[in-house]
Amino acid sequence: QVQLVESGGGLVQAGGSLRLSCVASGSTVIINSINYMGWYRQAPGKQRELVADDSSGGSTVYAESVKGRFTMSRDNAKNTVYLQMNSLKPEDTAVYYCYALINVLGSFWGQGTQVTVSS
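In what follows, the accompanying structure is described. (Residues numbered from 1 in each chain as written. Predicted model: local features only at pLDDT ≥ 70, side-chain atom pairs only at ≥ 80, totals over all residues. Heavy atoms only, no water.)

With antiparallel pairing, the four strands of this open sheet are ordered in space as 1-3-8-7. Strands at the two margins of the open sheet, each flanked by one partner only, are strand 1 (3–7) and strand 7 (70–75). Geometrically, the sheet is characterised by an average inter-axis angle of 15° between neighbouring strands, direction not taken into account. Relative to strand 8 (residues 80–85), strand 7 runs antiparallel, the two sharing six bridges. Its bridge partner lying in strand 8, D75 is registered against T80. (Pairing = 2+ DSSP bridges. Helix = DSSP H or I, 4+ residues; strand = E, 2+ residues; numbered from the N terminus. Axes fitted to C-alpha atoms, helices over the stretch in contact; angles between N-to-C directions.)

On to the pairing of strand 4 (residues 36–42). As defined by bridge partners, strand 4 adjoins strand 9 (residues 94–102) across seven bridges and the pair is classed as antiparallel. Across the sheet, the residue bridging to M37 is A100, located in strand 9. Where strand 4 meets strand 5 (residues 49–56), four bridges bridge the pair, whose relative direction is antiparallel. Residue pairing in the sheet places Y40 in a bridge with L50 of strand 5.

Attention now moves to the nonpolar core. If you look at the biggest cluster of nonpolar residues, it comprises 31 residues, and the most contacted ones within it are L4, M37, W39, L83, M85 and Y96. Of all the elements in the fold, those that place two or more residues in this core are strand 3 (18–25), helix 1 (28–32), strand 4, strand 5, strand 7, strand 8, strand 9 and strand 11 (113–118). Among the elements that make up this core, the one with the highest residue count is strand 9 (five residues). Leaving out residues up to four positions away in the same chain, M37 has contacts with L4, C22, A24, D53, D54, M72, R74, V81, C98, Y99 and A100. (Core = buried A, V, L, I, M, F, W, Y, C linked by side-chain atoms within 4.5 Å. Buried < 20%, exposed > 50% of the residue type's maximum accessible area, 1.4 Å probe, protein only. Contact = heavy atoms within 4.5 Å.)

Below, the discussion takes up the environment of Q111. Secondary-structure assignment places Q111 in the loop between strand 10 (106–109) and strand 11. Between the alpha carbons of Q111 and G58 there is a distance of 25 Å; along the sequence they are 53 residues apart. Setting aside residues up to four positions removed in sequence, Q111 forms contacts with L4, V5, E6 and Y97.

Right under this line is the structure:
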């Protein structure tokens with residue numbers, strides 16, 4: 001099993017920035033077996049959507065709506081993935097979820113962190 005804990009959400013004005021963090025914990029074998037990590041978000045009344053992940057041969061894939069504004073990075077030494085969010089817009093308001101994929105075990109999700117962008 002992998003436990004994922006997100007932090008860094010909050011309330012910010014449009015044009016502002018936030019950095020989300022997601023720490024993965026579990027046995028060393030499990031942590032080393034993680035294939036992909038990334039971020040999804042879910043706004044009220046909408047389906048969960050991909051924000052960014054590193055599923056594409058080591059390159060990071062971004063949703064069109066966040067390209068050029070959000071940057072995902074991963075610190076394997078700290079078992080942490082980050083999402084730097086700049087130039088935030090009210091439409092970025094959502095609960096942001098971290099996930100990790102282990103091919104033989106499936107997907108694991110964090111509890112989510114709320115991001116609210118005021119206009």
